[in-house]
Number of protein chains: 2
Amino acid sequence: MNQPTEPKADKAGVRRHNLSLVLRTVHEAGETTRAAVAARVGLTRPAVSSLVEQLLDLGLLVESGKTFSGQAGRPGTVLKPADTGPAGLGVEINVDYVTVCVVDLTGTDRVRRTEHLDNRDAEAAEVLARAARVAADALDAAAERRLAPAGAGLALPGLVSGGTVRQAPNLGWNAVPAEALFGEALAALRPDTAGLPVASDNEANMAALAELWFGALGDLRTFLHLTGEIGVGGAIVVHGELLRGAHGFAGEIGHLVVDAEGPRCRCGSRGCLEQYAGQTALLAAADATDVPDLARRAGAGEPRPLAALADAGRMLGRAVSGAVNLLDPEAVVLGGIYPQLMPWLAPAVAEELATRVVSGLWDPDANRLRPASATTDASRGAAGLVLHDVLSDPLAYGRVPGA
Amino acid sequence: MNQPTEPKADKAGVRRHNLSLVLRTVHEAGETTRAAVAARVGLTRPAVSSLVEQLLDLGLLVESGKTFSGQAGRPGTVLKPADTGPAGLGVEINVDYVTVCVVDLTGTDRVRRTEHLDNRDAEAAEVLARAARVAADALDAAAERRLAPAGAGLALPGLVSGGTVRQAPNLGWNAVPAEALFGEALAALRPDTAGLPVASDNEANMAALAELWFGALGDLRTFLHLTGEIGVGGAIVVHGELLRGAHGFAGEIGHLVVDAEGPRCRCGSRGCLEQYAGQTALLAAADATDVPDLARRAGAGEPRPLAALADAGRMLGRAVSGAVNLLDPEAVVLGGIYPQLMPWLAPAVAEELATRVVSGLWDPDANRLRPASATTDASRGAAGLVLHDVLSDPLAYGRVPGA
């Protein structure tokens, strides 16, 4: 029976784990008390108080003057995550824009910058340097709010693994060491960021994380997330964790085959979903100039846009029902260009799901097909990845006490 | 940022964790020494000795008289998992047979019974009672070898969740509380098994676990496992864990659509993989009486069987390439009827994979398409599930010391 051995547990590890547990509990509650935390996590009140003191010293929690009576007994001083100190720097680089945000420990977007520019006309290193300039500018604004980056997350439109963009066809990138190039460009502009941890992933994964952490999914933690753009990106979240696969390439729902003899796809296959439900294919089929034009004309009842959307919805439904049969998610979230097209896409998708999903859990009344929240995007997911690291190991990220 | 809070860590929990760590390390090594265990898990030699003493007391480890020099220094007494005491009882109920095995802590199959009978002609309760009779008989044989069941695993041909078979179309079962019925029937025959933990799952999942724990995959821990039978079962293993989905229904690769307008499937959809690559469809297309007949005639170069196998392989390849694009596994394992048909199926499957997988990692030379091992089956996976529980928490399963 082959089983891996995970690391030993020891006393220092226990305290580290419990610091994280307390910080995450406060983070999740937004505002709470020591007593409520103790009741929630099952540690004694003195143990929680000691952990809270350390988190206050680290600058990761703050006390507010007010007291309130939580669900767990006596009134107590209110604890909140700090809105100064370590923050997540989120950077999305896409075909025609760069977006940067800085998110504090409370989960609030504190600084946001978007720059529209065509990233196809420059070398990868130059594009990453552009992104670093936008990020440096955002960090200046963040510093005025007493926020300093604990790390950076990079959302990129391609296959990403081990810090490198293996390929990003829409940018023309191959084997680009994006994390290193971005980190160096940022450190050249702001020497204080030298050595800042940088974590990269593809934009579809980052958008799914944003939906998980900052979206409107509530307790729902196993879902499939599609991002309709020029391609169709996909990400799989299982029990609150991104499923990345063996090499980091999981989630390529845009290349599920919906018609084996269909048009050739840039991936080399034929009849991939994105040949029907990607933005380019959809606009061409509808003879529309852009997505707002498509939505407007569908809303006005024009037959060709309506037919194009119904066809795309059917193809989406085929691919999604296959993914649902494989993965058994609680919901499917449609992001990118899809939320604004839901009125015309959703009925066809829902019909395919109702017919093709074996478990029988996907009748249209089950409300399992949802538009992505308007407030989440890949840059926010990238920032969230940094916050996730801080919450998972507060000791590694808090300030040196007394400094 | 919505994050769940996992249980607190404490001292008793740490020891429990480390007992498991040591037991699993010995289990994995087969034979080892205290010093080698200490080196492997990173605990001190005295800590490991104390943990080993407790595992010897619990009857889960034994010392052999011999000593040997492990990789980590001084010679020491050899430690092995006990081949008496707690064992896994694995039970597979399928359409026309029941198989039961008893597997000891070393991972060895010590007792095995198969009874061929048609389970479609009896009520579910009667079928489970038949299985309990075979199991009771196997447990009598196990007792003679001083093995007692620590639990039972049930592998069932259908959608299984929460101890219940939600539906098993090939058995005609709906909402059958299989765990409870089996447990009661077994306890009626052997009162000493009253209260024995019973865990059920579908046969495809159990077969994948058998491959993971007892197969020839080596270090490979992220794979897709297909079982070709009347239907086509599927299971997904990610980093050594079964991916069950939100409701336990993940892995239904047999219902991936390979031709949207194809023949109607018993699931209500059209053009599902099992309409092309399931045993019934394949034998009909080849005009063969059974699988050995098909293999024999394909081996003799008869055109119709060869064409049927190539067509089925192409459809398998389409579905599998979709699953690979979604899940990015290291390998795809073909079990059930497929291993004996590999020479004629594999080329078509491999060609589809090479063309349709986006990551480019699936060219035929990569050797990612494999037949299942001959020595694994669903009953062995079911028994493994019990062993897994014992290895994960030895304290809950060892004998009362001194008893």
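Criteria and thresholds
- Residues numbered from 1 in each chain as written.
- Chains lettered and ligands numbered in written order.
- Predicted model: local features only at pLDDT ≥ 70, side-chain atom pairs only at ≥ 80, totals over all residues.
- Helix = DSSP H or I, 4+ residues; strand = E, 2+ residues; numbered from the N terminus.
- Rg over C-alpha atoms; globule rule 2.2 N^0.38 Å.
- Buried ≥ 20, exposed ≤ 12 C-beta atoms within 10 Å, placed from the backbone.
- Contact = placed C-beta atoms within 7 Å.
- Least-squares fit on C-alpha atoms with pLDDT ≥ 70 in both.
- Nonpolar A, V, L, I, M, F, W, Y, C, P; charged D, E, K, R; others polar.
- Axes fitted to C-alpha atoms, helices over the stretch in contact; angles between N-to-C directions.
- Parallel < 35°, antiparallel > 145°, perpendicular 65-115°, else oblique.
- Left-handed = near helix turned anticlockwise from the far one by under 90°.
- Pairing = 2+ DSSP bridges.
- Expected span 1.5 Å × (residues − 1).
- pLDDT = per-residue confidence, 0-100.

**Student:** So what exactly am I meant to see when it comes to the overall build of chain A here?
**Tutor:** Across its full length, chain A holds 12 helices and 15 strands. In terms of C-alpha radius of gyration, chain A reaches 23 Å, essentially the compact-globule figure of 22 Å for 403 residues. With the C-alpha coordinates of chain A rotated into their principal frame, the extents come out at 65 × 55 × 50 Å. Taken over 403 residues, chain A has a buried fraction of 54%. Counting only contacts in chain A whose residues sit at least 6 apart along the sequence, the fraction spanning at least 24 positions is 64%.

**Student:** Hey, could you run me through the relation of the copies chain B and chain A in this one?
**Tutor:** Each of the two chain copies goes to the other by way of a rotation about an axis and a shift along it. Superposition of chain B onto chain A requires a rotation of 180° combined with a translation of 0.0 Å along the rotation axis, giving an RMSD of 0.0 Å. In short, the pair behaves as if placed about a two-fold rotation axis.

**Student:** Please explain the environment of Glu241(B) as it appears in this structure.
**Tutor:** Within the fold, Glu241(B) resides in strand 13 (residues 241–242). Sequence spacing of Glu241(B) and Arg221(B) is 20 residues, and the spatial spacing of their C-alpha atoms is 8.1 Å.

**Student:** Where do I start with the interface of chain B and chain A in this structure?
**Tutor:** Frequently, the measure chosen for interface size is the accessible area removed from exposure when the parts meet. Listed per partner, the contact involves 61 residues of chain B and 61 residues of chain A. Of all elements in the fold, only helix 1 (11–29), helix 2 (34–41), helix 6 (203–214), strand 12 (232–238), helix 10 (303–327), helix 11 (342–356) and helix 12 (378–392) of chain B reach the threshold of two or more residues within the side of chain B that touches chain A. It is helix 1 of chain B that contributes the most residues to the side of chain B that touches chain A, 8 residues altogether. Looking at the side of chain B that touches chain A residue by residue, the classes come out as 29 nonpolar, 22 polar and 10 charged.

**Student:** Explanation requested: the packing of helix 4 (residues 124–144) of chain B against helix 5 (residues 178–189) of chain B in the structure shown.
**Tutor:** Two numbers describe a pair of packed helices, the interaxial angle and the distance between the axes. All names here are of chain B. The N-to-C vectors of helix 4 and helix 5 enclose an angle of 45°; their axes lie 8 Å apart at closest approach. As judged from the angle between their axes, helix 4 and helix 5 are oblique. Regarding helix 4 and helix 5, the two cross each other, and that crossing is right-handed. Counting all contacts with helix 4, which are made through Ala125, Leu128, Ala129, Ala131, Ala132, Arg133, Ala135 and Ala136, the residues of helix 5 involved are Ala178, Leu181, Phe182, Ala185, Leu186 and Leu189.

**Student:** Is there a simple way to think about the pairing of strand 10 (residues 198–202) of chain A in this case?
**Tutor:** Both faces of the sheet carry side chains from a regular strand, because those side chains alternate between them. Residue and element names in this part refer to chain A. In terms of residue burial, strand 10 counts as a mostly covered element, since 4 of its 5 residues are buried. Here 5 bridges tie strand 6 (residues 147–156) to strand 10, and the two strands are oriented parallel to one another. Its bridge partner being in strand 10, Leu156 is matched across the sheet by Asn202.

**Student:** Would you mind going over the environment of Asp137(A) with me for this structure?
**Tutor:** Along the chain, Asp137(A) falls in helix 4 (residues 124–144). Residues Asp137(A) and Val37(A), 100 residues apart in the sequence, show an inter-C-alpha distance of 38 Å.

**Student:** Looking at this structure, I do not really get helix 5 of chain B. What am I missing?
**Tutor:** An α-helical turn contains 3.6 residues, so a residue and the one three or four places further along point in the same direction. Residue and element names in this part refer to chain B. In this model, helix 5 (12 residues) spans 17 Å end to end at C-alpha, consistent with the 16 Å of a helix rising 1.5 Å per residue. Looking only at helix 5, the buried set comprises Ala178, Glu179, Leu181, Phe182, Gly183, Ala185 and Leu186. Structurally, helix 5 contributes buried residues whose contacts are with helix 4, strand 6 (147–156), strand 8 (164–168), strand 9 (173–176) and strand 10 (198–202).

**Student:** What's the story with the confidence of the model for chain A in this structure? I'm lost.
**Tutor:** Detailed reading of predicted coordinates is not advised where the pLDDT is low. On average, chain A scores 91 in pLDDT, and the residues at 70 or more come to 94%. Across the predicted assembly, pTM comes out at 0.86 and ipTM at 0.85.

**Student:** How do you make sense of unusual backbone geometry when you look at a structure like this?
**Tutor:** Of all residues except glycine, most have a negative phi; of all peptide bonds, most are trans. Residue and element names in this part refer to chain B. If you check the backbone angles, Ala175 has positive phi at about 50° while not being a glycine. Looking at where Ala175 falls in the secondary structure, it is placed in strand 9. Positive phi is not limited to glycine here, since His239 has a value of about 45°. Structurally, His239 can be placed in the loop between strand 12 and strand 13.

**Student:** Which parts of the structure should I look at to understand the environment of Ala180(A)?
**Tutor:** Among the structural elements, Ala180(A) can be located in helix 5 (residues 178–189). Sequence separation of Ala180(A) and Gly322(A) is 142 residues, and the distance between their C-alpha atoms is 37 Å.

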